[in-house]
Amino acid sequence: GNSSSGRAIAHLLGFKYRSYHNRAAKLAAVAAEKGKDGKDASDKAGSGNDKSTSAPARIYPRSLFISTAFLSAHGLVDPHNLLPHLNSTLNLIDTYKTHTTTTINRLKKLGVVSLNSSKADKKDAKDDTADSESADRDAAFRNDPIIGVFRAYLAMGDWDRPVAFLAHATVPEFDSAVKDSDGDKMLSAMELAALAACSLSESVGADVCAWVATMIKNVHNEGGNNGKPSRASILPLLNSPFPTETPLSEMSSVLRGPLSTLAASGVIRLAQPLYIKLCQIYNKKLPLAENKVEVELKCIDDNIMSVLSTFMVPSLSLFPSDTLLPKELWSLLKKLPYTLRYNLYSAWRKPGLEKGTLRSMLPKDIKSGKIPKPLGIIESEIETGIAARYVLKRISKENIKDMGRQLSKTSHNNPLVVFTDILAKIESYDNLILMMVDTFQFATELSLDVMGYCLLLSLGGSDGGGQRRSGTKMGGLNTEQWLASLETFTGAFYKKFPDVELRGILLYLTARFRDGESSELGVLRSLIKTAGGYGFVDYDSTASLSELQLDGRCGSRLLKRETSSFGVVDNINRKASQHLRAVLQGGDLGVMMILLLSQMRLKSLYTKVGSGTEHVKVIGNTYDDCEAVLCLLLEFLSDSSDDQVTGSSTKEKFAASMPSLEDLHTKYGLDTAVAWMLCRPLIRKSMFFKDDNKLAGNASQKVMPAFLERFAASPDMTKSCEKLLPQGAWKNITQAMFQAFYSLSIYDILCPEERYNIEIGRLKKEVERLIILQKGGDAARGQMSALAAAAAAAGASANEVRLATTFTLVHREELDRLKRNVDQLNKDFQRQQKRCRFVTSMLESQ
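The text that follows walks through the structure, step by step, so that each part is easy to find. What you are looking at is a predicted structure, and each value in this text was computed from that prediction instead of being measured. (Residues numbered from 1 in each chain as written. Predicted model: local features only at pLDDT ≥ 70, side-chain atom pairs only at ≥ 80, totals over all residues. Heavy atoms only, no water.)

Moving on, we get to the pattern of salt bridges. What the rule picks out here adds up to 31 salt bridges. Salt-bridge contacts for Glu635 lead to Lys560; the nearest nitrogen and oxygen are separated by 3.7 Å. Of the two residues, Glu635 is situated in helix H30 (residues 616–638) and Lys560 in helix H27 (residues 557–564); the sequence distance between them amounts to 75 residues. Classification of Lys560 by relative accessible area gives buried; the value is 17%. Where Arg601 meets Asp671, a salt bridge forms, and the shortest distance between an N and an O atom there is 4.0 Å. Pair noted here: Arg601 is in helix H29 (residues 589–606) and Asp671 is in the loop between helix H33 (661–666) and helix H34 (672–687), with a separation of 70 residues, a long-range link. For Arg601, a relative accessible area of 8% translates into the label buried. Judged by its relative accessible area of 32%, Asp671 is partly exposed. (Salt bridge = Lys/Arg side-chain N within 4 Å of Asp/Glu carboxyl O. Helix = DSSP H or I, 4+ residues; strand = E, 2+ residues; numbered from the N terminus. Buried < 20%, exposed > 50% of the residue type's maximum accessible area, 1.4 Å probe, protein only.)

This is the structure in structure tokens:
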């Protein structure tokens, strides 16, 4: 029947292969015999005049491979029955292992400077030898029948059957795996065979690229290769290209094998258009969730994740450093939840960067050819690391633009390498922080996202698997240098780039607070102060505040800002502040951190950490830090000054997340003072609701919003207050006095009139000074000479001195700010005076 005819066809084909092989061997033997006769005969043979006795350039005709593949594809012959007839001189796996060992030895020497001239000469000789070996290997691949059948079989449109044939012919373990029906071993042998063929021959890799391009041409809606048929599309296909509506999961299940082979062998570097097409296809076929921002997790199955982690992300390292490919890849990755993106970056990083992977490999791994990370990626990482360190040695404030562009350019294809190195240097040299943040303006969006991941990894204190570094010095009082530098960098980075993912680092801090770890409090503090623009609220110690600052804290938010640094006001990135607040409001994250900080503050006094006893000063510092960050975070989350800009109610979102006063005390274990402190912004809002509406011009709104009802004065509130103190305490204090004591803030009972007048007067003088400078003339001459003298004393050039005495755009912006602040301080002053009179009359009536 069919089996006997199939064997007959196999024998006929085998006879053809043997015939061509014997003919080529006979011609080669004749040519070799003639070469022994002498130099003249050798020259004659080498001249190519005697073509009948010279070895042929191609042993087997291409038509024979195509016929074999065509018959195999249609089930008329089993290609495995041809193996006894195929005389292959290429030992694929052994050659691949030798190639791997040679490449690893070469990579270990990259970046190593040799001052020995003899070694340099030997290196040149080795390079020449490697080139000749590569040429011989290409000729062997071109004339090998197994490789020829595999390439033709692949052109029929299938992947698994050609690779299984190649594995059967080249991998010894494949036969035993088939006999034992061990699917994992069979798959491993097939992957090894395909990887070896693509790594050793770029022609085979090009065929795999052509196969992938043919399969996706309908999905990409380009109808082929612009009218030029590829080698894979000339032949009748066993599997037709994917239809346009093919689900991404189904497409990924077919492509994951060849794509991982292309990435592992490094051949994809020759097919940049194919990589761009794949990025565009995956970007188009990943549906967005209802929030129109991210893809739902259920849409990402194992096949899609495998393609992303083994091909899409790591393949970027194989291409030259450019902005086009990171842009295409980011258009896809930005649709994924940040947790998946960070998992992809982690897979890209493991098991180490640059030569770290080579150092972690065992000799048996090298001999087996099972490399944990593609050698092409390792080589690219090493070259990127060398280039980045070259730039970092030469970067300074004077050349930050030119060298910054060069540094960012090195990070386009290997951001993990560059940013890990930068963060390591920042941990030791904090004067690099602002320079590096300015440098990142030339980086791609993908690089900035990877920077967020690297920063989170560095804050973790290890490379993901090692022992966590200590965040405090031996005594426990001071923060370690590396952590203090990262705290400052975190605030500066997220202030400059507010669109970078923040949830990862905030959830990490939440987990640390939940475990009772206070060493990373400075990271949250830096984020709120620098990125959130709330440095004026913070204080290291109340004892260090001057009388001016204490008076300023009794007033409005603008008065606090003007007096916190004695009139020096930092520039605020409003977008960064709004983004940080939005992330903290999402998923009740900010209130969760407030509750954890409140509990951690109390635990620091009574919970024993470790086996030893802590010094009372260490406990006091921890308590003060928790208190400072708690107040800072509470002020930041309850601030509604930007509501008119954002169009949302900060107080409403804060109230929706905050538990009731009774729950804070009973359920979360907070003491009375802390529970009232957390609810005070909402209680005050409900107390002065009508008064605030009159001042804001909304007198028509008389009904209190629903979100404030839980915190308004009511019988339920009175009943819950009774549980906050022992029953015996109520004999000596009334409910009205208790609620008034904890509800009111210093703003409600004391108006710093003198401080308001002094600050308004100071700002008016600044306005007058800038107006005089703006008008110029004789009145401004003295001021301009003073500015010129100050600039010259600071070492400014002649041009800089001239600019310092000119009314510039910066001066105009400062003048506008000062005028706004004068008007706002006058309004705040009048409003606070009315509030204090209202509260005084209310207390007197009670």
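That shown, we press on.
Formed by 195 residues in total, the largest nonpolar core has its most connected members in Met436, Phe440, Phe489, Ile505, Leu506, Leu524 and Leu678. Residue contacts for Met436: discarding those within four places in its chain leaves Leu392, Ile395, Leu407, Ile422 and Ile426. In this structure, Tyr756, Val767, Leu770 and Leu815 belong to the second largest nonpolar core, which totals 16 residues. (Core = buried A, V, L, I, M, F, W, Y, C linked by side-chain atoms within 4.5 Å. Contact = heavy atoms within 4.5 Å.)

Note on placement: Ser458 falls in helix H22 (residues 445–459). For Ser458, a relative accessible area of 14% gives the class buried.

For the pair helix H6 (residues 145–154) and helix H10 (residues 202–216), the least separation of the axes is 10 Å and the interaxial angle reads 15°. Judged on the interaxial angle alone, H10 and H6 are roughly parallel. Every pair of crossing elements has a handedness; the one defined by H6 and H10 is left-handed. Here Ile147, Phe150, Arg151 and Leu154 of H6 lie close against H10, whose contacting residues are Ser203, Val204, Asp207, Val208 and Trp211. Here the contact of H6 with H10 is composed, by residue class, of six nonpolar, one polar and two charged. (Axes fitted to C-alpha atoms, helices over the stretch in contact; angles between N-to-C directions. Parallel < 35°, antiparallel > 145°, perpendicular 65-115°, else oblique. Left-handed = near helix turned anticlockwise from the far one by under 90°. Nonpolar A, V, L, I, M, F, W, Y, C, P; charged D, E, K, R; others polar.)

Glancing now at the packing of helix H9 (residues 183–200) against H10. Close contact between H9 and H10 brings their axes to 5 Å; oriented N to C, the two are set at 115°. Between H9, through Ala197, Cys198 and Leu200, and H10, the contact on the second element is made entirely by Glu202, Val204, Gly205 and Val208. Classifying every residue of the contact of H9 with H10 by side-chain character gives five nonpolar, one polar and one charged.

By themselves these figures say nothing about function.
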